[in-house]
Amino acid sequence: MYFRKSASPTSFRLTEKFILLLVFSAFITLCFGAIFFLPDSSKLLSGVFFHSSAVETNTRTGPDGGSSSGGGGGDAGSILGSDDRVLAKIRKDHEKALLEAKDTLQKRPEEIQQDISMEKEKVVKDSLARAAKDGNQLPLVEYRRPPGATGHVPLDPETRIRREKVKEMMKHAWDSYRRYAWGSNELRPVSKQGHSSNLFGSIKGATIVDALDTLYIMEMFEEFDAATDWVEKNLDFNVNAEISVFEVNIRFVGGLLSAYYLSGKEVYRRKAVELGEKLLPAFKTPTGIPWALLNLKSGIGRNWPWASGGSSILAEYGTLHLEFMHLSKLSNNPEFAQKVMNIRKVLNRLDKPQGLYPNYLNPNSGQWGQHHVSVGGLGDSFYEYLLKAWLMSDKTDEEGKKMYYDALQAIETNLMRKSSGGLTYIAEWKGGLLEHKMGHLTCFAGGMIALGADGAPSDKTGHQMEQAAEIARTCHESYARTGT
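Residues numbered from 1 in each chain as written. Predicted model: local features only at pLDDT ≥ 70, side-chain atom pairs only at ≥ 80, totals over all residues. Heavy atoms only, no water.

J.: Kindly report on the overall build of the protein, identifying the contributing residues and their values.
T.: Per the secondary structure count, the protein includes 16 helices and 12 strands. For the protein, restricting intrachain contacts to residue pairs at least 6 apart in sequence, the fraction spanning at least 24 positions comes to 61%. Counting only carbon and sulfur atoms, one obtains 57% of the accessible surface of the protein, whose full area is about 28100 Å². (Helix = DSSP H or I, 4+ residues; strand = E, 2+ residues; numbered from the N terminus. Contact = heavy atoms within 4.5 Å. Areas by Shrake-Rupley, 256 points an atom, 1.4 Å probe, with all protein chains shown as cover.)

Here you go:
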C-alpha cells in the first residue's frame, strides 16, 4: 500500500522556493542600488556590511544550536571608522590639489614643463629605490634643484642685450654642430666635418655632454631635451680603447654631474657613476697616483711617453678631486673619494722646492720628476681645484684651503714678477731658474685669485684682489697689442 510522505514544517514547494528567490534577488538589487547611486552611499555601505555581519553572527550556530561567534558589532564599528578616515584623506588631497593648481597657474610655461619632467623623474626614482634593495641600482638620493640657475632676467637693459647676444652665439654653434657633426666629439668649422679626438678613445658625443649645463642655464630646454635623448640612447662607455683620464673626467664625468645637479634627470647620475667606475683602475699604481692613459676594457694604464721619466702630470691627477667627491656622494661608494684624498696624502708627504709643486710626479716611486713649475699648462687646474674643493665643501675642507693659500704664497714669492712696462705676470720655474714667460693658459689665474681673495686672511684680501686685476690686465694687453 502506497502512503504519501507528509511535508515537514521547514520544507517548501517549488513555487514557494521560486517566490523566495525573487524576493531575495530584489533585496540584493536594492542594496547594490543604494550603495552605488545614493548621494551618501558610503554610509549605506557601512550599514550593509554591519547588517550582513550581524545576520551572519546571529544565524551561524554550532551543533548544540548556540551561537558560534559574536563580534559583528565591533567589525562594523571598525569599518565605519576606516570609512571616515578615507573621506578625510580624500578631502585633504582635494585641497592640496587646488593649492598646487593655483601655484602652477602662476608659473612660466617653461617652468611648468620642467615640473612635469621632474614628476617623471620621481617615478623613475621610485623604481630605482625598489630595485636598490637587490643591490643592482644606485641608492636613492634626495634631489634639490639649485636656486637661481634659471628663470631670472637682468634688470639692466644693456645686460639683457649682451645676454641675448651670447645666447644667440651659443644657438648658432649648437645648431651647426647638430647639423654637421651630431654625435661626433667636435665640429671642424671650416670643413664642416665631425671629428673625434683620440683623447676620448672611441667614446662619442663630447660636445653634447660638455654643453649640457650651458644649454640648461641658457634655458635652451628643447636643445637640452634632444641632448638628453642622445645621451640616454647613444652614450656608451663599453669600448676597447685608450682614453685620457683627465680629459674624460672633466668633459664627460663633469658634464654629466653638472647636468644631473641642474635638471635632476636620473640618467645623468647613472651614466656619471658608470663612467667613474671604469676610471678607477687608473689608480692601480704603487702610490695611488693615477695613470694619465687608461684602456677602459682591459684596465691597463700608462703615462704619456713624453712626460719626464714616465711621470704623471700635476694638472691631470690634480684635476679629479671635485668630480670624484661627488661620485662618492651620489653612489654611496666611498672609494671615489678615497682615491683623490690619497693623492693629497702623497703630495703632503713630499718636500716641495720653495713650497712649489713641480709638474711631474712618478707614480711608481712617489718622487718628483723634472723640477718644472708652471701655473699655466701642466699645472694650472690643480690650484683651481684646491680652492674649489674648499668652496664646494661649504668651507669645511681645511686641508684643501691650506694647500691652496700656501701654494699661492709660494707662487707670489717665487714666480710673480712685474715687467719693465709695468705688467704683472707669473713666470715658470725650472730647476731653480726663472723663465720669464707666461703662457696663455695662465690667464685663468686672475679669476682664481679673485675668487679666493674673499677667503684669504683679512689683511690679504685687498692685496689678492689687486693681484687678480693686474694678471687680468696683462692678459687683456696680450690681445690688445696683437695685430689680429
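J.: Just give me the short version of the sheet that holds strand S11 (residues 428-430), but keep the residues and values in it.
T.: The strand order across the open sheet built from 3 strands is S8-S11-S12, with neighbouring strands paired in antiparallel fashion. Unpaired on one side and paired on the other, strand S8 (372-373) and strand S12 (433-435) mark the two borders of the sheet. Bridge analysis of S11 against S12 gives 3 bridges, and the strand direction is antiparallel. Paired with Glu-428 across the two strands is Glu-435, which belongs to S12. (Pairing = 2+ DSSP bridges.)

J.: With reference to specific residues and values, describe the packing of helix H6 (residues 206-217) against helix H7 (residues 221-234).
T.: Contact geometry for H6 and H7: axes closest at 9 Å, N-to-C directions at 150°. What the angle tells us is that H6 and H7 run roughly antiparallel. Considering how the two elements wind past one another, H6 and H7 form a crossing that is left-handed. Taking contact as the criterion, the partners of Ile-208, Val-209, Leu-212, Leu-215 and Tyr-216 in H6 are, on H7, Phe-221, Glu-223, Phe-224, Ala-227, Trp-230 and Val-231. Here the residues of the contact of H6 with H7 sort into 10 nonpolar, no polar and 1 charged. (Axes fitted to C-alpha atoms, helices over the stretch in contact; angles between N-to-C directions. Parallel < 35°, antiparallel > 145°, perpendicular 65-115°, else oblique. Left-handed = near helix turned anticlockwise from the far one by under 90°. Nonpolar A, V, L, I, M, F, W, Y, C, P; charged D, E, K, R; others polar.)

J.: Give me the pattern of salt bridges: which residues, what numbers.
T.: Pairs may arise between side chains of opposite charge once their charged atoms sit close together. Throughout the structure, instances matching the rule amount to 20 salt bridges. Lys-418 serves as the salt-bridge partner of Glu-470, at 3.6 Å between the closest nitrogen and oxygen. Remark: Lys-418 occurs in strand S9 (residues 416-418) and Glu-470 occurs in helix H16 (residues 458-480); sequence separation between them is 52 residues. Taking the relative accessible area as the measure of exposure, Glu-470 reaches 32% and is therefore partly exposed. Taken together, the shared-partner salt bridges in this structure form one network comprising Lys-171, Asp-175 and Glu-223. (Salt bridge = Lys/Arg side-chain N within 4 Å of Asp/Glu carboxyl O. Buried < 20%, exposed > 50% of the residue type's maximum accessible area, 1.4 Å probe, protein only.)

J.: Residues and numbers for the side chain of Asp-397, please.
T.: Along the polypeptide, Asp-397 turns up in the loop between helix H13 (380-392) and helix H14 (398-414). Leave out the neighbours within four places in its chain, and Asp-397 touches His-321, Arg-344, Ala-389 and Trp-390.

J.: Kindly report on H6, identifying the contributing residues and their values.
T.: Taken together, the buried positions of H6 are occupied by Ala-206, Ile-208, Val-209, Ala-211, Leu-212, Leu-215 and Tyr-216. Taken from the residues just after H6, Glu-219 is the one with a positive phi, measuring 60°.

J.: Run through unusual backbone geometry, naming residues and quoting values.
T.: Within the chain, Glu-219 stands out as a residue other than glycine whose phi angle is a positive 60°. The topology assignment puts Glu-219 in the loop between H6 and H7.

J.: Explain the state of the cysteines to me, and be specific about the residues and the numbers.
T.: In the structure shown here, the tally under the stated rule is 1 disulfide. With a sulfur-sulfur separation of 2.0 Å, Cys-443 is cross-linked through a disulfide to Cys-475. Judged by the torsion about the S-S bond (-100°), the Cys-443/Cys-475 disulfide is left-handed. Note that Cys-443 is positioned in the loop between S12 and helix H15 (444-453) and Cys-475 in helix H16, a separation of 32 residues in sequence. (Disulfide = S-S within 2.5 Å.)

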